[in-house]
Every structure is written in structure tokens, then in C-alpha cells.
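Geometric and topological summary
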Amino acid sequence: MSEPGGTDLSATLRRIERAAGALATASVSRMDETLPWFRELPADQRSWVMLVAQAGARSLVQWLREGGGTADSTQEVSDEVFATAPQALARSISLQQTVALIKVTIDVVEEQVSHLAAKGEEQQLREAVLRFSREIAFAAARVYARAAESRGSWDARLQALLVDALLRGDSPDVLASRAAALGWTDAPPVAVAVGRSPGGEVAAVLHTVYRQARRIGVEVIGGVHGDRLVIVLGGAPDPVAATEKLLTAFGDGPVVVGPAVPSLDEATDSARAALAGFRAAPAWPTAPRPVPAADLLPERALAGDAEARRRLRHDVYATLVRAGGELLETLDAFHAAGGTLESAARALFVHPNTVRYRLKRIAEVTGFSPLAPRDAFALQVALTVGRLDPVVPGVAPVPTQTMAPGVRKTSQAGDDHRRFL
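Read on for a plain summary of the structure. Keep in mind it's a predicted model, so treat the numbers as computed, not measured.

Inspection of the entire model under this criterion finds two aromatic pairs. Between the aromatic rings of Trp37 and Phe38, the centroid separation amounts to 6.2 Å while the plane-to-plane angle is 85°, which identifies the pairing as edge-to-face. Note on Trp37: relative accessible area 22%, which makes it partly exposed. Taking the centre distance of 5.4 Å and the plane angle of 55° together, the rings of Trp63 and Phe132 count as tilted. Separated by 69 residues along the polypeptide, Trp63 in helix 4 (residues 43-65) and Phe132 in helix 9 (residues 122-168) bring together distant segments of the chain. Sitting above the plane of the Trp284 ring, Arg374 keeps its charged end 3.5 Å from the centroid.

Put into C-alpha cells, the structure is as follows:
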């Protein structure tokens, strides 16, 4: 290799070649002295660093021979400098630590310039080493960038597999092993949110999810399944409120949040509820966004969701049956009267206060108020489901009674009437 002025550095190159091993040893020794974290590395990783240092010395010679030492050269250092160490080293040592190792090695080489360079070539060698250190830094950045891309792609695939396992209802062991590989800490509570994917590259979609999740301090695992974006949230005290802060990661349309569960082991139930709610959400065009899956029970039941039918049958219909006090009959009359309290009272031959009291009791025992339009709809669907599927453990089927106009009700109704007069 010759400089523009014609100076030959062949003598310097031969000296560097002979000193390559000593330079690597001196560099590792300096790392041990000045970098506390390096001293704590396992022996195998320290040996990998030694191999990289030796490869760096050889690469310097090759780089100089191919014209890298000239001021106007664009010769890049090959990534083969770092290829001598296994890829696991990039996972064990951060990019910042790698930069520190490179700096120590370059410092050692610069200190030895007077011994390495032939007479009169010291300044040229110093300048060449400076340019070489820059190329080494770029090569390290390329290695770590590829490692990050590969790790990101693998994580995306692993997360997609985990979400698939959740949706299929795989065993807790499968979920736990895949979640552990992703670093999931299983912070309670856990909930699943489902919405439409905004489209585009999956990695870009998930990157948006992770960036926003970090801002609000929650754990997330995401996956894109067809046109749906499925997000598992952990550590959010209010999963619906947390999902609201992640809405920009979703595409247009409804976003449904499943019920909170204690851990990832039970998140399959949350995922199923969220998916069922997402399928049924178009039936409620004015639904809030996001909307809890529990708020979509009537739409889910009409869409064929067995779990929604079970909840309406057991938690609403059977509860009304057990509560007694003619609550079912009052609810039927109230619905038949189009939600008019006075008309329902006339049909039941009771005072309006009696109807008002019974409606309040219905709200207390079921959690749905007949006076609220959405709740009234849910109650109507619950009564329909309960009568179509009347087999409820511990509850005898209740026949629907039809009142003829002008026929007075039972003595119980009369007692209620007198009590509110």
C-alpha cells in the first residue's frame, strides 16, 4: 500500500502482522484492567473477545493493503472481524459495551504506533488507525442492527404463536414456556383486546403497540391474525382505560376488551370473549371504543356465542327466577308496555310505585336496569334465552303467564298494591 505521496508502508505492515497476537493480548489485558463488567464475563466469552481482537489486527493489515489507509479511500471493514465470535456474543454484550472494547483496543494500538511503524511512517499509521477505528465502529453497528432485526422477527413469530395458543386454548404449560421466552412477567391483571389491524408490515404495527405500551407502563404481547390485531395486556389496573390509550395502534372499527383475569394461564377466556365481542360488535353501531366484551352480551348471544347465552341464562334469567316476587312477570309487563311504567302498573293491577320498586329490585339482582335502553335490551334477550334454554341447575322452569284484560291478579299483587297506596 502506498500513500498519494508514494510512501510505501510494506515494512509497517510486516511489523503489524508479527505483532498481531501481542496486540490482542495487550488489548484484552487492558480491558480486564479498565472495564469492571468485562472481568465478570464467563471465560468462554472472554476468549471470544480475544478472537475478535486478533481478527481486528489481521483486518487492519488487510485493510491497509487494500488501500484503506489512504485519505480518500472508501474501503469498508468486512464484518468478518466479528464473525469469529458466535452470534450469542451480541446477545451477551451490548452495543455500548462493544464500543468500549473497540476504544480500548484502538488505544492500545495507538500507543504502539511508534513500535509498529517503520521510521518516518508513524504519522501515516496514526491517521490510518483513526480511519480504521471508524470503519470498525460501523461494522459493529451493522452486526448489532442485523442481530436486532433477526431478534425482532423471531420475537414477532413467537408472539404470534403465543397469541395463536391463547385463541386455541392450549395448555398453561405451552403458554408459560412461550411467554417466558418473550420475557413476560405475568403482571396481573391480564386482559385481551381485539380490533382491526391498521394494515402494513406486521413489525411496524407491533412496534407502534410496544412503543405506546411503554409510555403507559403496561406489558403487551401482540399478534396480527388476518385483519385482526390481538393484544394481550398485563399489569393494567383498568384494561379498558389502558386499551383506550393504545387505540392509535388499531385500524378503524370496534375494539373489544375481554374480562380481566389473574394470569396468562386464564387469558384464553378473556381472548374468547374479546373475539366473540369483536364479531358481534357491528350489531351495536354506537358502541363506545373500546368496549368491554361484557357490554356486548346480548349481541354475542344473538350471534351464537355459547358463553354469552350461558351468562345471560344463569346470571340474569335464573337470578330473576330465584329472586321471586313476580319480578319476571313485572319485567314482561314493562316490556309489553313499551317501557311505560304507568301502563305496566295498569296491566298488573298494581300501583306504579309497586312497579317502580320491582324494577329497582331487578336492577339490584341482575346488574341491568330496565329503565336504561341498553340494559332493557340485554334483559329482553336474557329472558328469551332463558325460556329457550330453560334447564338451569336448581331452578325449575317458569311458565309464561298470560293475563286477560280485566282479570285481577293474585293476592300477592293486591298486597303489593295496598302496601304502596
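The subject of this paragraph is the nonpolar core. Leu312, Val316, Leu320, Val355 and Ile362 are the most contacted members of the largest nonpolar core, which has 28 residues in total. Mapped by element, the contributors of at least two residues to this core are helix 14 (297-302), helix 15 (306-323), helix 16 (327-336), helix 17 (341-348), helix 18 (352-366) and helix 19 (373-388). Apart from residues no more than four positions distant in its own chain, Ile362 is found in contact with Leu320, Leu327, Leu331, Gly367, Phe368, Pro370 and Leu379. Grouped together as the second largest cluster of nonpolar side chains are 27 residues, Val163, Val230, Val232 and Ala281 included.

What follows deals with unusual backbone geometry. Residue Pro189 is reached from Pro188 by a cis peptide bond, and omega for that bond is -10°. In this model, Phe349 sits at a positive phi of 60°, which is unusual for a non-glycine residue. Tracing the backbone through its elements, the reader meets Phe349 in the loop between helix 17 and helix 18. Looking at Phe349, the relative accessible area reads 27%, which means it is partly exposed.

Right, let's talk about the sheet that holds strand 1 (residues 190-196) for a bit. Here five strands make up an open sheet; going across it, the order is 2-3-1-4-5 and the pairing mixed. Two strands lie at the open edges of the sheet, namely strand 2 (219-225) and strand 5 (291-292), each paired on one side alone. As judged from the two bridges shared by strand 1 and strand 4 (residues 256-257), these two strands associate in the antiparallel manner. What sits directly across from Ala193, in strand 4, is Val257. Lying on the sheet, helix 11 (residues 202-216) is in contact with strand 2 and strand 3 (228-234); it crosses strand 2 at an angle near 160°. Strands strand 1, strand 3 and strand 4 of the sheet are contacted by helix 13 (residues 267-280), whose axis makes an angle of about 25° with strand 1.

Another point: the side chain of Arg300. Tracing the sequence through the fold places Arg300 in helix 14. Judged by relative accessible area, Arg300 falls into the buried class, the value being 3%. Within the local environment of Arg300, its side chain forms a polar contact with the backbone oxygen of Ala293, the two atoms lying 3.1 Å apart. Beyond its immediate sequence surroundings of up to four residues, Arg300 is in contact with Ala273, Ala276, Gly277, Ala280, Ala293, Ala294, Asp305, Glu307 and Ala308.

This part takes up the pattern of salt bridges. Evaluation of the coordinates by the stated rule reveals 13 salt bridges. Asp305 serves as the salt-bridge partner of Arg300, at 2.8 Å between the closest nitrogen and oxygen. Taking relative accessible area as the criterion, Asp305 reaches 16% and is therefore assigned buried. Among the ionic pairs, Asp315 bridges to Arg311, the shortest N-O distance being 3.7 Å.

Before going further, it helps to spend a moment on helix 16. With eight of its 10 residues buried, helix 16 lies for the most part within the structure. Considered for burial, the residues of helix 16 that qualify are Leu327, Leu328, Glu329, Thr330, Leu331, Ala333, Phe334 and His335. Looking at the buried side of helix 16, the elements it contacts are helix 15, helix 17, helix 18 and helix 19.

Attention now moves to the side chain of Thr319. Checked against the element boundaries, Thr319 lands in helix 15. Each residue touching Thr319, except ones within four places of it in the same chain, is listed here: His314 and Val365.

This part is about the pairing of strand 3. Within a regular beta strand, the side chains point alternately toward one face of the sheet and then the other, so they alternate between its two faces. Burial runs high along strand 3: six of the seven residues are buried. Inspection of the sheet shows strand 1 paired to strand 3 by seven bridges, in the antiparallel sense. Looking across to strand 3, one finds that Gly195 is bridged to Leu229. Bridging between strand 2 and strand 3 involves seven bridges; their strand directions are antiparallel. Its bridge partner being in strand 3, Glu219 is matched across the sheet by Gly234.

Here helix 18 contains 15 residues, and its C-alpha end-to-end distance of 21 Å stays within 8% of the 21 Å for a straight helix at 1.5 Å per residue. Within the span of helix 18, buried status applies to Thr354, Val355, Arg358, Leu359, Ile362 and Thr366. Mapping the buried residues of helix 18 onto a view down its axis gives an arc of 135°, with all of them on the same face. Phi for Gly367, located one or two positions after helix 18, is positive at around 85°.

Cut-off values and rules
- Residues numbered from 1 in each chain as written.
- Predicted model: local features only at pLDDT ≥ 70, side-chain atom pairs only at ≥ 80, totals over all residues.
- Heavy atoms only, no water.
- Phe/Tyr/Trp six-rings, centres within 6.5 Å; stacked < 30°, edge-to-face > 60°.
- Buried < 20%, exposed > 50% of the residue type's maximum accessible area, 1.4 Å probe, protein only.
- Helix = DSSP H or I, 4+ residues; strand = E, 2+ residues; numbered from the N terminus.
- Lys NZ or Arg CZ within 6 Å of the ring centre and 35° of its normal.
- Core = buried A, V, L, I, M, F, W, Y, C linked by side-chain atoms within 4.5 Å.
- Contact = heavy atoms within 4.5 Å.
- Pairing = 2+ DSSP bridges.
- Axes fitted to C-alpha atoms, helices over the stretch in contact; angles between N-to-C directions.
- Polar contact = N/O pair within 3.5 Å; in protein donor to acceptor, adjacent residues only side chain to side chain.
- Salt bridge = Lys/Arg side-chain N within 4 Å of Asp/Glu carboxyl O.
- Expected span 1.5 Å × (residues − 1).
- Arc of directions from axis to C-beta.

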